[in-house]
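Given next are the chains, with one letter for each unit.
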Amino acid sequence: MLSTSPASSSARPGQTLRSPESVAFEEAWEAARPGAGVPRRADLDLRLIAPFARWFAIIEPDPAAVALPFRLTGSGFREFFGHDLTGTDYLTLADPAIRTYAYECVMACLKHPCGLWQSTPASTADGDRFNYEYTILPISKSGGAPDHIVIFVNFEAKPVDELPGVQRIEHSTVWHWLDIGRGVPPASIGTAPF
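Once a new chain begins, its residue numbering starts again from 1 and follows that chain's sequence as written. Given that this is a predicted model, residues contribute local features only at a pLDDT of at least 70 and side-chain atom pairs are listed and counted only at 80 or more, while totals for whole chains, interfaces and linings are drawn from all residues. Just so you know, side-chain values use all the structure's heavy atoms and leave hydrogens and water out.

Draft legend 1. Seen up close, the overall build of the protein chain. Here a helix means four or more residues in a row that DSSP labels H or I, a strand means two or more in a row labelled E, and each is numbered from the N terminus. Helix and strand counts for the protein chain come out as 4 helices and 8 strands. Seen in sequence order, the protein chain has helices and strands lined up from the N terminus as β-α-α-β-β-α-α-β-β-β-β-β. When a residue's accessible area, from a 1.4 Å probe over protein chains only, is under 20% of the maximum for its type it is buried; when over 50% it is exposed; and in between it is partly exposed. Within the protein chain, buried positions represent 51% of all 194 residues. The long-range fraction of contacts in the protein chain, counting pairs at least 24 apart against all pairs at least 6 apart in sequence, stands at 61%. Contacts: residue pairs with any heavy atoms within 4.5 Å of one another.

Draft legend 2. Structural detail: the packing of aromatic side chains. Two rings from Phe, Tyr or Trp (for Trp, the six-membered ring) form a pair when their centres are within 6.5 Å of each other. A pair whose planes differ by under 30 degrees is stacked, one over 60 is edge-to-face, and the rest are tilted. Under the counting rule described, the total for this entry stands at 10 aromatic pairs. Between Trp 55 and Phe 77, the aromatic rings sit 5.4 Å apart at their centres with planes inclined by 75°, giving edge-to-face as the arrangement. With Trp 55 in the loop between helix H2 (46–49) and strand E2 (56–59) and Phe 77 in helix H3 (residues 75–81), the pair connects residues that are 22 residues apart, well separated along the chain. The burial state of Trp 55 is the same as that of Phe 77; both residues are buried.

Draft legend 3. Region of interest: the side chain of Glu 26. By secondary structure assignment, the location of Glu 26 is in helix H1 (residues 20–31). With a relative accessible area of 9%, Glu 26 lands in the buried category. A polar atom in the side chain of Glu 26 sits 2.8 Å from the side chain of Arg 18. Nitrogen and oxygen atoms within 3.5 Å of one another constitute a polar contact, given that in protein one can donate a hydrogen and the other can accept it, and given that sequence-neighbouring residues count only through two side-chain atoms.

Draft legend 4. How the structure looks around the pairing of strand E5 (residues 129–139). Extensive coverage of E5 is indicated by the burial of 9 of its 11 residues. Here, strands pair whenever DSSP counts at least two bridges between them. The pairing of E5 with strand E6 (residues 148–155) spans 8 bridges and is antiparallel. Each residue of the ladder has a partner; that of Pro 138, found in E6, is Ile 149.

Draft legend 5. Fine view of H1. Multiplying 1.5 Å by the residue count of a helix minus one yields the expected span of that helix. The end-to-end C-alpha distance of H1, which contains 12 residues, comes to 16 Å, matching closely the 16 Å that a straight helix rising 1.5 Å per residue would cover. Residues Ser 22, Phe 25, Glu 26, Ala 28 and Trp 29 constitute the buried set of H1. The arc that holds every buried residue of H1, seen down its axis, measures 155°, which confines them to one face. Looking at H1, the residues exposed on the side facing more than 90 degrees away from the buried face are Pro 20, Glu 27 and Ala 31. By definition, the arc is the one covered by directions from the helix axis to the C-beta atoms.

Draft legend 6. Just the nonpolar core, in detail. Membership of the largest hydrophobic core comes to 49 residues, with the highest contact counts inside it found for Phe 25, Tyr 90, Ile 136, Val 150, Ile 151, Val 153 and Trp 177. Among the secondary structure elements, those contributing two or more residues to this core are H1, E2, H3, helix H4 (99–111), strand E4 (115–124), E5, E6 and strand E8 (174–178). Considering every element that reaches this core, the biggest residue donor is H4, with 7 residues. Ignoring any residue separated from it by four or fewer positions in sequence, one finds Phe 25 in contact with Ile 49, Phe 52, Phe 56, Thr 135, Leu 137, Val 150, Ile 151 and Phe 152. What we call a nonpolar core is a set of buried Ala, Val, Leu, Ile, Met, Phe, Trp, Tyr and Cys residues that are connected through their side-chain atoms within 4.5 Å.

Draft legend 7. Highlighting the pattern of salt bridges. Any Lys or Arg side-chain nitrogen found within 4 Å of a carboxyl oxygen on Asp or Glu counts as a salt bridge. Under the criterion given, the structure shown has 7 salt bridges. Residues Arg 40 and Asp 43 are paired through a salt bridge, measuring 3.0 Å at the closest nitrogen-oxygen approach. Exposure remark for Arg 40: the relative accessible area of 34% places this residue in the partly exposed category. With a closest N to O distance of 2.4 Å, Arg 54 and Glu 79 form a salt bridge. You can see Arg 54 sitting in the loop between H2 and E2 and its partner Glu 79 sitting in helix H3, a full 25 residues away along the chain. Classification of Arg 54 as partly exposed rests on a relative accessible area of 35%. The partly exposed category is assigned to Glu 79, whose relative accessible area is 47%.

Draft legend 8. Representation of the pairing of E2 in the model. In E2, alternate side chains face the same way, and those of Phe 56 and Ile 58 on one face and Ala 57 and Ile 59 on the other are all buried. Strand direction decides the pairing type here: E2 and strand E3 (residues 70–73), joined by 3 bridges, are antiparallel. Paired with Ile 59 across the bridge in E3 is Phe 70.

What follows is the structure in structure tokens.
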């Protein structure tokens, strides 16, 4: 369920900006969910996640280091960035001005728990700009409190081989918390758009 944030005030009330792929990704996550909890990593049904596998990732936030390292990334990320992102801190890919906000929003998704959807511009090393959409949802490694997030990145319909690699991920242009049944964090969390 989409929850409108103050940062997305340009969207008309009730207008859903999410792609059908983003919604389908949330539905696959929902199918693995035990009641009102969050899915365990092992319970994600690979048959339902398969359509998203190329652009699917798992991040295991590290509160001690204030880092968001990738633990699993689909093949699209390797092709797109030119190397495997496993172990890479997502925050090193983000504009330094938004790193704190990005970290705070991921941690709010775990603490609350809830999801997050946003549309974000990025720039390549060659100066090209493009938009991408990403959907993040909380999961649990062992069945306890949420401690990981799953991500589906939906790039604008531009062939990946035309993009020489992302240089910087910028501020989102529109975003929404995703209410998974426990409400959403206060608008002040993350000082979005981040």
